[in-house]
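Secondary and tertiary structure notes
If you want the building blocks of each chain, they are given just below.
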Amino acid sequence: MVVYHCCVPNCTASTRKFNKLHKYPWMQGVTFISLPNKIRNAKERRDWLRLIRRPNDWTPTKYTRICSLHLDENNNNTLPTLFPYNNFKKPLSERKTSNSTQVGTDNNLESPMHACNSDHHHGSIPESQVIFSAIPYVCGEVEVISTEKFVTTDYLPGQRYVSKLNHPTCKPTKEHDYSYHRDDKVIVDSSTQTEVTANDIRLLEQENNRLKHTLEDKDSLSREIFVKHVTKDDKHVKFYTGVQNFAILMGIFQLLMTKCSKLKYWSGKGSVNDKNYQTGNRLKPGPQRKLTDFQEFILTLVRLRLGLIDYHLADIFGISKTRVSQIFTTWITFMSGLFGKLIKWPSKQQVRKHMPHSFKMLYPKTRSIIDCTEFFFQHPRSPTAQASTYSTYKSKNTGKCLLGISPSGTFTFVSDVYGGNVSDRFITEKSGFMDYIEEGDDIMADRGFTIRDLLTEKKATLNMPPFTRKCVWGKKKRLNVNEIKQTRSIAKLRIHVERAIQRLKLFKLIGNTIAWSLKPLTNQMVKVSAFLCNLMPKLVRR
């Protein structure tokens, strides 16, 4: 069944309320009328739309209706004349020139329009009686704010009385999103009113001036709104920054605040050797900062997580593209130096304490699971750079990095990023990974890691899927039954390092193609991302 709503602004009449006449008695006998035909009665239709006063971009449909409450039954005029903007009164040309206004005698709250009782036009009104002003439009239920006694003043016969203390308020119903009409005045009970002092006015003026200044500074307002939106709740914090919740985000920032008070912006290679800005009580050098330390911290994390370009962040924070690049370079290097030290190689006792049950059953001596991952680089112009970064495995220019995780899925080793043309064995030797290996350790790796001899020198073992052997049938390669079972058991556990790498590449600045201008920052970005991954929930839970 089609449900009709009145198209007049601030009118809540609806056919749904016919089933609730005990709640909406003013809907008794109300009908819904369609607008005049746009072809046969075009002029009359335009007059209706003009009187309804909807926005210019509003277009009526075949289901558009107007309720009979806006039509004057005592007038032969076919146009609707009773609207909230004219207080449900007739046009001036149709009003009676009488000195007195007839007022209804029904004081029942169930009626949509209330007026004073005509019996009191020529007498005093008792103090115990609550008199309401006429409600100029249908608004659903009526609730009295206060029914306390009051003394009426300035009441003259023939005039409509409006209470100064008590006034009915209209509750918008759930069928419409209409609210109070802008011409309505709701007056609260005087018992709840407080006295405004000169100090309160002064404070309000100061707050008004502050808000006015904030609104005039569009750039400052934009960055404040964005940072507030990023830190709105844990869900927003995780999406924009990669940090699990707001509490951890603030904990990281508090850790950085102790050392970033005199942080200097990156301004080229020569700025590394200039340490004078950190001596004595000198403040930060260079131009005045437009962003606070927390805003710069958020900018860095948002760019690392979402991979936003400089121009986008410059528009959001109201600064130049060059300043965005300076802030990101400075903060990602600063955080890498601090967080890189927190990615530590755990002891055997710590690994065994947090080892999942799946590893304890099959490979209880596993110390680390290693794998190499590649990050795509933008195609460089230099032929030398192209040759050093081209990966025959990916058929693109890449950078290769060795990653090691504990059996529980935590990053325990992150190497520097090498060119994509180097082998896994080369990175394992040159990255310093072998310095952490102890006697009796088990290292789990893929077939590409031909490092068994290196581990044997350290009296450690390598758990790697067996290689296939030649045969005279099929694809001329085969594994026996035991080798197939071993391959499956190792692959089932080694998959966790792939899941950890997937988490790492959710930081889009390194997960997508890295701009060649950001290549010097690749090591820093990978280490910071790995540290933030370690703050996420445990990867292997059983």
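None of the values given here were measured: they were computed from a predicted structure.

1. Structural notes on the overall build of the chain
When helices and strands are counted, the chain shows 16 helices and 13 strands. Looking at the chain as a whole, 43% of its 542 residues qualify as buried. Summarising the internal contacts of the chain: among those between residues at least 6 apart in sequence, 60% fall at separations of at least 24. About 32,100 Å² of surface is accessible on the chain, with carbon and sulfur atoms providing 51% of the total.

2. As for the side chain of Arg 65
Looking at the element boundaries, Arg 65 is found in strand β2 (residues 65-67). Buried charge Arg 65 goes without a salt bridge, the closest partner of opposite sign being Glu 44 at 14 Å. Leaving out residues up to four positions away in the same chain, Arg 65 has contacts with Tyr 4, His 5, Cys 6, Cys 7, Phe 32, Ile 33 and Ser 34.

3. Details of the pairing of strand β8 (residues 411-414)
Pairing analysis gives three bridges linking strand β7 (residues 396-405) to β8, with the strands arranged antiparallel. Paired with Gly 404 across the strands is Phe 413, a residue of β8. Joining the antiparallel neighbours β7 and β8 is a turn of five residues, in which Gly 409 adopts a positive phi near 100 degrees.

4. Some words on the pattern of salt bridges
Under the criterion given, the structure shown has 14 salt bridges. Between Lys 348 and Asp 441 there is a salt bridge; the shortest N-O distance is 3.7 Å. Note that Lys 348 is positioned in helix α9 (residues 348-353) and Asp 441 in the loop between α12 (424-430) and β10 (442-444), a separation of 93 residues in sequence. The partly exposed category is assigned to Lys 348, whose relative accessible area is 21%. The shortest N-O distance in the salt bridge between Asp 446 and Arg 494 comes to 4.0 Å. On the criterion of sequence distance, the pair formed by Asp 446 in the loop between β10 and α13 (452-457) and Arg 494 in helix α14 (residues 481-504) is long-range, its members being 48 residues apart. Given the relative accessible area of 30%, Asp 446 is considered partly exposed. What emerges from the salt-bridge pattern is a single network uniting Lys 348, Arg 367, Glu 438 and Asp 441.

5. With respect to the nonpolar core
Formed by 73 residues in total, the largest nonpolar core has its most connected members in Leu 256, Phe 297, Phe 317, Trp 331, Met 335, Leu 504 and Met 525. If you tally residues by element for this core, the top one is helix α8 (residues 321-339), at nine residues. Setting aside anything within four residues of it in sequence, one finds Met 335 in contact with Leu 256, Phe 297, Thr 300, Leu 301, Gly 340 and Val 528. Formed by 19 residues, the second largest nonpolar core is a distinct cluster that contains Cys 372, Val 422, Met 434 and Met 464.

6. Notes on the packing of aromatic side chains
Enumeration over the complete set of coordinates arrives at 18 aromatic pairs. With 5.9 Å between their ring centres and 85 degrees between their planes, Trp 331 and Phe 334 make a pair best called edge-to-face. Here the residue Trp 331 and the residue Phe 334 both occupy positions in helix α8, the gap between them amounting to three residues, near one helical turn. Their ring planes at 85 degrees and their centres at 5.8 Å tell us that Phe 377 and Trp 516 sit as a pair that is edge-to-face. Of this pair, Phe 377 sits in the loop between β5 (366-376) and α11 (383-389) while Trp 516 sits in the loop between α15 (508-511) and α16 (522-534), and the two are 139 residues apart along the sequence. Phe 377 sits in the buried class, given a relative accessible area of 7%.

7. Quick word on the confidence of the model for the chain
Of the residues in the chain, 75% reach a pLDDT of 70 or more, and the chain-wide mean stands at 78. The secondary-structure element of the chain with the lowest mean pLDDT is strand β3 (residues 142-144), recorded at 37, while α16 shows the highest, at 95. Ignoring residues within four places in sequence, the model shows residues 92-192, a span with pLDDT below 50, making 165 contacts including any to other chains.

8. Section: the environment of Arg 223
As for its placement among the helices and strands, Arg 223 is situated in helix α3 (residues 218-230). Distance in space between the C-alpha atoms of Arg 223 and Phe 317 is 4.6 Å, their sequence separation being 94 residues. Sequence-distant contacts of Arg 223, that is, excluding residues within four places in its chain, are made with Lys 290, Leu 291, Gln 295, Ile 316, Phe 317, Gly 318 and Ile 319.

9. Some words on the environment of Val 30
Topologically, Val 30 is positioned in the segment before β1 (32-34). Residue Val 30 is classed as buried on the basis of its relative accessible area of 7%. Aside from chain neighbours lying at most four places away, what touches Val 30 is Phe 18, Cys 67, Ser 68 and Leu 69.

10. Concerning the state of the cysteines
Scanning the entire structure with this criterion turns up zero disulfides. Just so you know, Cys 7 is unpaired, no disulfide at all, and the nearest cysteine sulfur is the one on Cys 6, 5.4 Å from it. Judged by its relative accessible area of 5%, Cys 7 is buried. Just so you know, Cys 67 is unpaired, no disulfide at all, and the nearest cysteine sulfur is the one on Cys 6, 3.6 Å from it.

11. Concerning helix α1 (residues 42-52)
Turning to α1, its buried residues are Arg 45, Asp 47, Trp 48, Leu 51 and Ile 52. Down the axis of α1, the buried set is contained in an arc of 160 degrees. They therefore lie on one face. Counted as exposed and oriented over 90 degrees from the buried face of α1: Lys 43, Arg 46 and Arg 50. Looking at the packing, one finds that the buried side of α1 touches β1 and β2. In the stretch just after α1, Arg 53 is the one whose phi turns positive, near 65 degrees.

12. Describing the pairing of β5
Along β5, 10 of the 11 residues are buried, which leaves the element largely enclosed by surrounding structure. Here β5 pairs with β10 via three bridges, running parallel. Its bridge partner being in β10, Ile 369 is matched across the sheet by Met 444. Here β5 runs beside β7; their pairing, made up of eight bridges, is antiparallel. In the sheet register, Phe 376 faces β7, and the bridge partner there is Thr 398.

13. Re α16
With 13 residues, α16 should cover 18 Å at 1.5 Å per step; its first-to-last C-alpha distance of 19 Å lies within 8% of that length. Burial within α16 is extensive, with 10 of its 13 residues counted as buried.

14. Re unusual backbone geometry
Even without being glycine, Asn 10 reaches a positive phi, approximately 70 degrees. Locating Asn 10 in the fold gives a position in the segment before β1. Judged by its relative accessible area of 17%, Asn 10 is buried. Backbone geometry places Arg 53, a non-glycine residue, at a positive phi of 65 degrees. Arg 53 sits in the exposed class, given a relative accessible area of 53%.

Parameters and conventions
- Residues numbered from 1 in each chain as written.
- Predicted model: local features only at pLDDT ≥ 70, side-chain atom pairs only at ≥ 80, totals over all residues.
- Heavy atoms only, no water.
- Helix = DSSP H or I, 4+ residues; strand = E, 2+ residues; numbered from the N terminus.
- Buried < 20%, exposed > 50% of the residue type's maximum accessible area, 1.4 Å probe, protein only.
- Contact = heavy atoms within 4.5 Å.
- Areas by Shrake-Rupley, 256 points an atom, 1.4 Å probe, with all protein chains shown as cover.
- Lys, Arg positive; Asp, Glu negative; His and termini not counted.
- Salt bridge = Lys/Arg side-chain N within 4 Å of Asp/Glu carboxyl O.
- Pairing = 2+ DSSP bridges.
- Core = buried A, V, L, I, M, F, W, Y, C linked by side-chain atoms within 4.5 Å.
- Phe/Tyr/Trp six-rings, centres within 6.5 Å; stacked < 30°, edge-to-face > 60°.
- pLDDT = per-residue confidence, 0-100.
- Disulfide = S-S within 2.5 Å.
- Arc of directions from axis to C-beta.
- Expected span 1.5 Å × (residues − 1).

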